[in-house]
Amino acid sequence: MTSPLFARLNTEAKLAVFAVQERAILTWNAVRFIFARPFYGADVIQQMNAIGVDSLFIVILTGFFTGMVLALQSSVSLQTFGATIYLGHLVSASMIRELGPVLAGLMVAGRVGSGIAAEIGSMRVTEQIDALNTLGTDPIKKLVVPRLIAALVMVPVLTVVNDLVGIFGGNVIASLSVDIPSSLYWRTVWDQIASDGFTLRFIPNDFVQGLSKPLVFGGIIAITACYQGLTTSGGTEGVGQSTTRTVVTASISILIVDYFMTQMLLAFF
Amino acid sequence: MSADSASTSDSPRAQRVRAAIRRELRADGAGEESVGASPVIALEGVSLAFDRPVLEDVSLEVYRGETLVIVGESGTGKSTALKLILRLLVPDRGRVVVNGRDVAGLSFEEALATRQHMGMVFQGAALFDSMSVFENVAYPLREHTSLSDDEIEARVREKLRFVDLDPDHVMDLLPAELSGGMKKRVGIARGLANDPEIMLYDEPTSGLDPLTTATITRLIVKLQRELRVTSVVVSHDIRSANRMASYIALLADHRIAFFGTPEEMAASEDRYIQDFLGGL
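Residues numbered from 1 in each chain as written. Chains lettered and ligands numbered in written order. Predicted model: local features only at pLDDT ≥ 70, side-chain atom pairs only at ≥ 80, totals over all residues. Heavy atoms only, no water.

Novice: I'm lost on the packing of aromatic side chains in this one. Help?
Specialist: Pairs of aromatic rings are described using the distance from one ring centre to the other and the angle between the two planes. If you walk through the whole model with that rule in mind, you get 8 aromatic pairs over all chains. Measuring from centroid to centroid gives 5.6 Å for Tyr185(A) and Trp186(A), while their planes differ by 90°, and the two rings are edge-to-face. Ring geometry for Phe128(B) and Tyr139(B): centres 5.2 Å apart, planes at 65°, overall edge-to-face. Separated by 11 residues along the polypeptide, Phe128(B) in the loop between strand E6 (118–121) and helix H4 (133–144) and Tyr139(B) in helix H4 bring together distant segments of the chain. You'll find Phe128(B) and Tyr139(B) in the same group, each marked buried. Members of the aromatic cluster, each reached through a chain of ring pairs, are Phe64(A), Phe65(A) and Phe168(A). The ring of Phe33(A) has Lys141(A) lying over it, and the distance from NZ or CZ to the ring centre is 4.9 Å. The ring of Phe128(B) has Arg190(B) lying over it, and the distance from NZ or CZ to the ring centre is 4.8 Å. (Phe/Tyr/Trp six-rings, centres within 6.5 Å; stacked < 30°, edge-to-face > 60°. Helix = DSSP H or I, 4+ residues; strand = E, 2+ residues; numbered from the N terminus. Buried < 20%, exposed > 50% of the residue type's maximum accessible area, 1.4 Å probe, protein only. Lys NZ or Arg CZ within 6 Å of the ring centre and 35° of its normal.)

Structure, rendered in structure tokens:
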């Protein structure tokens, strides 16, 4: 006779495995439907605006202050060794390879992921998803695919903006607090980018690392948010729970995937 | 509460005999239909359970141009029957046949295509709240037809006028700006946009005042008489059911407790049916 605790753990484990399976199926269907008719081009453009353009302000703000804090903290350590000249190297390497992709991903997960989950979750609890089905529309093609495409395109774009603004923020601190001329700072930034080599002769390896991560993060955010929205139940309370789960799950997934991608990319570059 | 009756005239065998006779009459006399015409919608021995049974051995038929109203207490599987017809659910046992095809055997894409010939009106209307009334009604036309913008607008106006709404007044409104009755009517207009041969209604008069209830009921009757649409209506409103139904199916204990005309139901001596009708 199984104990109640074991039965409960058994059920929770099965639900967790089922959720992973369902998310994998959703990911597979969403990816293959990118190339299947009908194409909802207008929806893709609308989502690119919602995910990309509307997130610009928060990404710029995040990048700018992150770059400044990074330069400020780093300059204290570098001054100990008389190596403040390497401030540009450090800020650019950190922003492009790591902080830019991760912070942009976390900001988009919080702002956009929650919005997607709330919107689709509200549609679920008000039977609008069922209405799409009964009107002969595949909800995955109509709702998930445009958001996935938009996230795959716009999260890397936002990351580039984040990187540039962050490096600029470091320049502000370098000029004002550490007395490093801007020309010297930007030269050291380029030296860092070029020092890690190029792929296909023109693409700095730092960019390959720094842009492959946001591509994956964008997919994680879109799929997680859409999955939570599509599986929402329990009325408005359920919508709130889906929104929270989206932000938490997407954020944790980004941090975990970031580690493994870093390991993998460092092995190649 | 029991679905079985002590009365011989309402015994399960008597009901099956009447149903068989009725099938012959309906097949022979369904307007211009030929002798032996098959039903448009048929549930054959359908059973479905989740954590507990929802439907058990349910069989019913709807012929072209008829309106079947499924009534019963809450939780007896009425809305589930609609979802089975739409293939949003698949039965554990039995068959759901629509226009001669077992819908359970359809692929997801085939089911989507089949639904384009059906219209569905949800309990809360389920209008797309980010779209205007015009865009809601136009949605199936944009998705599944190659009509021009002018043709779409003409069709939308036609459907809105059919449900007694002034297009110039409502087309630009958002669902949040509509009353409950207006939402239901827009939902009906959207369901009719592609001129479906089958209309399904889930509690169409739920939450509405008596006057608006009468308006919606009148619309459903109008659809049957003027457009010969085959309709299945799920409702707990027996008054409206009596007005609009060609036949009524009463669900109790997850089974069909009664199937017949509104007059036959009113004349039934079954205790449960009398108690159900006594709620009037």
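Novice: What is the right way to look at unusual backbone geometry in this model?
Specialist: For residues other than glycine, phi is negative in most cases, and the peptide bonds are mostly trans. Of note, the amide linkage connecting Arg37(A) to Pro38(A) takes the cis form, showing an omega dihedral of 0°. Locating Pro38(A) in the fold gives a position in the loop between helix H1 (4–33) and helix H2 (41–51). Even without being glycine, Glu203(B) reaches a positive phi, approximately 50°. By the element assignment, Glu203(B) lies in the loop between strand E7 (198–202) and helix H8 (210–227). Of note, His254(B) is a non-glycine position whose phi angle comes to about 70°, a positive value. Relative to the assigned elements, His254(B) resides in the loop between strand E9 (247–252) and strand E10 (255–260).

Novice: Would you take a moment to explain the sheet that holds E7(B) for this structure?
Specialist: Either a parallel or an antiparallel arrangement is found when strands of a sheet pair, and the pairing is made through backbone hydrogen bonds. All names here are of chain B. Pairing is mixed in the open sheet, where 6 strands are placed in the order E6-E7-E8-E3-E9-E10. In the strand order of this sheet, the two ends are held by E6 and E10, each with one partner. Shown here is a sheet whose adjacent strand axes are inclined to one another by a mean of 15°, direction ignored. Where E6 and E7 come together, 4 bridges link them in parallel fashion. Looking across to E7, one finds that Val 121 is bridged to Tyr 201. Sheet strands touched by helix H7 (residues 180–192): E6 and E7. Its angle to E6, the strand with the most contacts, is close to 170°. (Pairing = 2+ DSSP bridges. Axes fitted to C-alpha atoms, helices over the stretch in contact; angles between N-to-C directions. Contact = heavy atoms within 4.5 Å.)

Novice: Is there a simple way to think about the nonpolar core in this case?
Specialist: Note that soluble globular proteins tend to have their nonpolar side chains buried in a common cluster. Leu60(B), Ile70(B), Ile85(B) and Leu200(B) are the most contacted members of the largest nonpolar core, which totals 74 residues. The element best represented in this core is helix H6 (residues 139–176) of chain A, accounting for 10 residues. In this structure, Ile70(B) is in contact with Leu60(B), Lys78(B), Ala81(B), Val232(B), Val233(B), Val234(B), Ser235(B), Ala249(B) and Leu251(B), ignoring residues within four places of it in sequence. Ala138(B), Val163(B), Val170(B) and Ala189(B) belong to the second-largest nonpolar core, a separate cluster that totals 50 residues. (Core = buried A, V, L, I, M, F, W, Y, C linked by side-chain atoms within 4.5 Å.)

That's the geometry; what it means functionally is another story.
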